[in-house]
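Residue-level structure breakdown
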Amino acid sequence: METRAKALHWFIRGGTLIAPMEKHLIDVEPIVIGRSKEVHVVLDDHEVSGVHCELRAVTEGILVRDLGSTNGTFCGSVRIREAVVTGRTELTVGSTRLTIEPSGHKQQVELGFADRFGSVVGASPRMRRVFSVLEKVADTTLSVLVLGETGCGKEGVARAIHDASRRKTRPFVVVDCASIPQSLAESILFGHEKGSFTGASERRDGALHEADGGTLFLDELGELPVDLQPKLLRALSERQVRRIGAAAFDHIDVRVIAATRRDLGTEMNAGRFRSDLFFRIAQVRIELPPLRERLADLPMLIEEICGRVQKPWAAQVVQNWIERRMAQHDWPGNVRELVNVVSVAATLAESPESIDDVLLLARGEEPVPATQPASAFTDAKRQAIEAFERNYFAELTRRAKGNVSEMARQSGMERHHVRAYLRKYRLDKAG
């Protein structure tokens, strides 16, 4: 007789938000509070920002997060950036007082059975929750905003959504908003007619035309030029687009998936991003946790990466090496950094000592021996990590010819993090 596995659950502590004249249940999905008409709880208070703060239920209680508001979110005299409320609490936003009443008991949120969605894998509770949401929304027409740090796999999620939808046989078009030249941005999105501007030697379709019937992925949405945002909103709302220099509009059928590492709440309050465009695109929000917050997924990720580089047998060797040499590493480049490390280690796995030679040796130094006296464990671990970091960034500097932006792209790290490592190991003065 076939038996069905028990569903996995995540426990949260929900509650109630009591705003002037109304109540709202606080659940897993965030409740956004502000003055903008697009938010969930609209406050008629000129001291409240357009998107002021948000509330959501988490395991520990109610998470309160300020969204970069001008006048702040307060609990008594304490200004809150991010805090978890576990008992009845009064918040002040602008001149409005809100009361939060946690329910006092845990409620179950089903995580689902899946430990992967397309090419994205993970068995940790947070990833299972992500997969359960993706399974529900993939084959709908809803727009999706994927949030997360650089290197978390946002484009992989976007591709997986497209591949799981009925649009999978149609185009998947990627636009990196961070790399769009200001002068060509409108043409890249909407297209242009021949002769419509200097250099327009032929008629060209824009990304919205190219994605017709399929999916448009707007990577780094927060970098989209402000003057283009109302035009994009109009195109998505009216489902039609006009090339630069054209007289007529063309109908389009495009699903939008976007991703960003920026705090768009702060961007909206600063006037750099339109709230109406945000809520049009963020019909569903998916937040990818950084790798350091789901280290339990490392074995599964290592196995997946080794399979992709056609070295499935190397997974255990690589896992043992990472556990031994990088146990305290916090993976600032997230999954993208892990892919780089595992790919190199898997290639050298037939001779495990070669992994040390390539990933740890730097400037003629020997790697730290695998066995150390117990009293030297902390020092040995620190030395091993430093040797890896020094060699990694020395090789990265050589490959990128010292170009910090290219080094950030290859490593999946922010530029300021790359510069910090270069200064640490004096590689910024190399050459």
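Structural data are supplied above this passage.
I will try to describe carefully the structure that is included in this document. Just so you know, these numbers come straight off a predicted model, no measurement behind them.

Quick notes on the rules
- Residues numbered from 1 in each chain as written.
- Predicted model: local features only at pLDDT ≥ 70, side-chain atom pairs only at ≥ 80, totals over all residues.
- Heavy atoms only, no water.
- Helix = DSSP H or I, 4+ residues; strand = E, 2+ residues; numbered from the N terminus.
- Buried < 20%, exposed > 50% of the residue type's maximum accessible area, 1.4 Å probe, protein only.
- Contact = heavy atoms within 4.5 Å.
- Areas by Shrake-Rupley, 256 points an atom, 1.4 Å probe, with all protein chains shown as cover.
- Arc of directions from axis to C-beta.
- Pairing = 2+ DSSP bridges.
- Core = buried A, V, L, I, M, F, W, Y, C linked by side-chain atoms within 4.5 Å.
- Phe/Tyr/Trp six-rings, centres within 6.5 Å; stacked < 30°, edge-to-face > 60°.
- Axes fitted to C-alpha atoms, helices over the stretch in contact; angles between N-to-C directions.
- Parallel < 35°, antiparallel > 145°, perpendicular 65-115°, else oblique.
- Nonpolar A, V, L, I, M, F, W, Y, C, P; charged D, E, K, R; others polar.

1. Some thoughts on the overall build of the chain
Helix and strand counts for the chain stand at 14 helices and 24 strands. Looking at the chain as a whole, 49% of its 431 residues are labelled buried. Contacts in the chain between residues far apart in sequence, at least 24 positions, make up 62% of those at least 6 positions apart. As displayed, the chain has an accessible area near 21,600 Å², and 48% of this comes from carbon and sulfur atoms.

2. Thoughts on helix α14 (residues 415-424)
For α14, every residue scored as buried is listed here: V418, Y421 and L422. Buried residues of α14, seen end-on, are gathered within an arc of 100 degrees and therefore sit on one face of the element. Positive phi shows up at R426, right after α14, with a value of about 55 degrees.

3. Topic: the sheet that holds strand β7 (residues 62-66)
Strand order in the open sheet formed by five strands is β5-β4-β6-β7-β10, with mixed pairing between adjacent strands. In this open sheet, the two edge strands, each paired with only one partner strand, are β5 (41-42) and β10 (82-85).

4. Re the nonpolar core
Membership of the largest hydrophobic core comes to 38 residues, with the highest contact counts inside it found for L208, L216, L218 and L221. Once residues lying within four places of it in the same chain are set aside, the contact partners of L208 are L189, F190, L216, L232, A235, L236, V241, I252 and V254. If you look at the next biggest cluster of nonpolar residues, it comprises 36 residues, including M300, A315, F393 and Y421.

5. Examining the pairing of β7
The buried fraction of β7 is high, at four of five residues. Hairpin connection, strand β6 (residues 53-57) to β7: the antiparallel pair is bridged by four residues. Note that β7 and β10 share four bridges and pair antiparallel. In the sheet register, V64 faces β10, and the bridge partner there is A83.

6. What about the packing of aromatic side chains?
Taken as a whole and assessed by the stated rule, the structure comprises four aromatic pairs. When the ring of F172 is compared with that of F217, the centres are 6.1 Å apart and the planes differ by 15 degrees; the resulting orientation is stacked. Residue F172 is located in strand β17 (residues 172-176), and its partner F217 is located in strand β20 (residues 215-219); the two are separated by 45 residues in the primary sequence. Judged by centre distance (4.9 Å) and plane angle (90 degrees), the rings of F278 and F279 are edge-to-face. Residue F278 shares its accessibility class with F279, and that shared class is buried. Among the aromatic side chains, those forming a connected cluster through ring pairs are Y392, F393 and Y421.

7. Description of the pairing of strand β23 (residues 255-260)
Among the six residues in β23, six count as buried, and that is most of the element. Of the two faces of β23, both are covered, the one formed by R255, I257 and A259 as well as the one formed by V256, A258 and T260. Note that strand β16 (residues 144-147) and β23 share four bridges and pair parallel. Bridging from a neighbouring strand, L147 pairs with T260 of β23.

8. Observations concerning the packing of helix α13 (residues 404-411) against α14
For the pair α13 and α14, the least separation of the axes is 9 Å and the interaxial angle reads 105 degrees. Regarding the angle of α13 to α14, the classification is roughly perpendicular. Residue-level contacts link V404, S405, M407, A408 and S411 of α13 to R415, V418, R419 and L422 of α14. Considered class by class, the residues forming the contact of α13 with α14 number five nonpolar, two polar and two charged.

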